[in-house]
Amino acid sequence: MYEPNKLVCDCCERVYDITNKRILCDCGCLLTIEIGDTDFNWSIVRGRPMEVWRYRELIPTPREASIVSMGEGGTPLIEMVRLNSVLKLRGVKVKFEGSNPTGSFKDRGLTVASTMALFFKCRAMIVASTGNTASSMSAYARRAGLKPIVIIPSSGVARGKLGQLKLYGALIVEVSGGFDEAMKAVIEYSKIGSDIYIVNSINPWRIEGQKTIAYEIIEQHGVPDWVVVPVGNGGNIYSIWKGFKEILRLGLIDKIPRMLAVQALGSSPILRAYKSGVYEPFKEPRTIASAIRIGNPVHWRRVLRVIEESRGAVVGVDDSEIIRAHKEIARLEGLGLETSSSTTLAGLKKALEDKVVDRGENAILVATGHALKEPEIIDSYDLELIKVDSVNDLISILSKL
Ligand SMILES: [Zn+2]
């Protein structure tokens, strides 16, 4: 019997039609998009550009939907020759998501979510975030001809993060008082048929774009032993795992990789739940890696399931380890990553020390964002500066280098 694509509740397993605009189940739980029968295979995609929509048979947007795209995805998988040799690693490669249009992996999800916003005939997209999601949403809203709206809390927003939002002319709504309350109100508002589309991490269509990281890794490398992913809200590691599982189910690979989730220690409720079996949010999460500074991750249950089913692991790294890895990967390999992305290298080192990962195994580090996302951090690093008084001094210094 023909199996259609559908929206399925994570908790009560209620099924909704794929064209239903809702983003949560009536019971309040997250919804997953399940791919039905498909004629996808590798020969179909041959000849198509390396980008998210290369895999359109596995991204079940309605056929009538007009795709909103800027050629996102198709990011390079980069060999780490010096890093492997200096750190005595084997076969480590970096999937560099910083090369997406707005500088982070979020563009993969937003190309799909903005396509659906148009399909649902919305006039605006809304997100509660000041980080990479808000930047990406603003860009894709503009690409779709929609108004970008960003909700921020009145307390504690890094003004430096607002740059891209200013560029795209997003409407910023600052909410005083309970930020979580504001988000709940927006979700309730969306249920009464509003034409503003919510693209927070709970939106199931974003996962459908992000999972293409897995498809690309399979095409560029095959199935690695480990995939290492920074974990804040947990949506990305879940998406990548979902991508591998779908290809496995189609019989096009014969195993999935083990997933290594890396959290910053100051913001690590999933690590704590992994170790103790008890989940409890972090009230005041603290880490320099702001993209994964999340005290109560929406996808925590999914992450624990991914770790269990993939026989993976969760590790934590502190800020000094994150900074060391940030510099190391830039200075050994020339790659400028966001600090949250450099947790993958710090986390892999920890997993090797703890003998979770074997030195003979290979690993792909998913570097989620570009170094230029955090000008205040790279600007805080020491400058190697020599002042000279004359051309002779300059020559003498250069000859000693
Ligand atoms: Zn439900």
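Everything below is about the structure shown above.
Things to note about the overall build of the protein
Phase 1: Helix and strand counts for the protein stand at 15 helices and 13 strands.
Phase 2: For a compact globule of 401 residues, the expected C-alpha radius of gyration is about 21 Å, and the protein comes in at 21 Å, within 12% of that figure.
Phase 3: Its C-alpha atoms put the protein at 75 × 50 × 50 Å along the principal axes.
Phase 4: Out of the 401 residues in the protein, the part that is buried amounts to 45%.
Phase 5: Restricting the contact set of the protein to residue pairs at least 6 apart, pairs at least 24 apart contribute 70%.

Observations concerning the sheet that holds strand β8 (residues 171-175)
Phase 1: One open sheet holds the four strands; their spatial order is β8-β7-β6-β9, and the pairing between them is parallel. Only two strands of the sheet have a single partner each, and these edge strands are β8 and β9 (196-198). Between one strand and the next, the sheet's axes are offset by a mean angle of 25°, whatever the strand orientation.

Considering unusual backbone geometry
Phase 1: With a phi angle near 55°, K88 is a residue other than glycine that sits in the positive phi range.
Phase 2: Structurally, K88 can be placed in the loop between α2 (81-86) and β5 (92-96).
Phase 3: Judged by the 8 C-beta atoms lying within 10 Å of it, K88 is exposed.
Phase 4: For K121, which is not glycine, the phi torsion reads 60° and is therefore positive.
Phase 5: Considering the arrangement of structural elements, one finds K121 in the loop between α3 (106-119) and β6 (124-128).

Some words on helix α11 (residues 300-310)
Phase 1: Along α11, the positions that sit buried rather than exposed are R302, V303, V306, I307 and S310. End-on view of α11: buried residues confined to an arc of 140°, all on one side of the axis. Looking at α11, the residues exposed on the side facing more than 90 degrees away from the buried face are E308 and E309.
Phase 2: On its buried face, α11 is in contact with α9 (235-249), β11 (258-264), α10 (269-276) and β12 (313-317).

Here we look at the sheet that holds strand β13 (residues 363-367)
Phase 1: Strand order in the open sheet made by the six strands is β4-β5-β13-β10-β11-β12, with mixed pairing throughout. Two strands in the sheet have a free side with no partner beyond their single neighbour: β4 (77-79) and β12. Averaged over neighbouring strand pairs, the angle between their axes works out to 25° when direction is ignored.
Phase 2: In this sheet, β12 lies alongside β11 in parallel orientation, the contact comprising five bridges.

Things to note about the environment of F40
Phase 1: Along the chain, F40 turns up in the loop between β3 (31-34) and α1 (42-45).
Phase 2: Here F40 falls in the partly exposed class, since 18 other C-beta atoms lie within 10 Å of it.
Phase 3: Remark: the alpha-carbon pair of F40 and I247, spanning 207 residues in sequence, is separated by 9.3 Å.
Phase 4: With near-sequence residues (within four places) excluded, F40 lies in contact with E57, L58 and L250.

Quick look at α3
Phase 1: Across its 14 residues, α3 extends 20 Å between first and last C-alpha, which sits within 8% of the 20 Å expected from 1.5 Å per residue.
Phase 2: Those residues of α3 that sit buried are K106, D107, R108, G109, L110, T111, V112, A113, S114, T115, M116 and A117.
Phase 3: Here the buried face of α3 lies against β6, α4 (132-144), β9, α7 (204-210) and α8 (212-220).
Phase 4: Looking at the residues trailing α3, positive phi occurs at K121, about 60°.

Some remarks on the packing of α8 against α9
Phase 1: Packing of α8 against α9 leaves a shortest axis separation of 6 Å and a crossing angle of 55°. What the angle tells us is that α8 and α9 run oblique. In this structure, α8 crosses over α9, and the sense of that crossing is right-handed. Residues T212, I213, A214, Y215 and I218 of α8 form the contact with α9, whose own contacting residues are I240, G243, F244 and I247.
Phase 2: A breakdown of the residues in the contact of α8 with α9 according to their chemical character gives seven nonpolar, two polar and no charged.

So, how was this worked out
- Residues numbered from 1 in each chain as written.
- Predicted model: local features only at pLDDT ≥ 70, side-chain atom pairs only at ≥ 80, totals over all residues.
- Helix = DSSP H or I, 4+ residues; strand = E, 2+ residues; numbered from the N terminus.
- Rg over C-alpha atoms; globule rule 2.2 N^0.38 Å.
- Buried ≥ 20, exposed ≤ 12 C-beta atoms within 10 Å, placed from the backbone.
- Contact = placed C-beta atoms within 7 Å.
- Pairing = 2+ DSSP bridges.
- Axes fitted to C-alpha atoms, helices over the stretch in contact; angles between N-to-C directions.
- Arc of directions from axis to C-beta.
- Expected span 1.5 Å × (residues − 1).
- Parallel < 35°, antiparallel > 145°, perpendicular 65-115°, else oblique.
- Left-handed = near helix turned anticlockwise from the far one by under 90°.
- Nonpolar A, V, L, I, M, F, W, Y, C, P; charged D, E, K, R; others polar.

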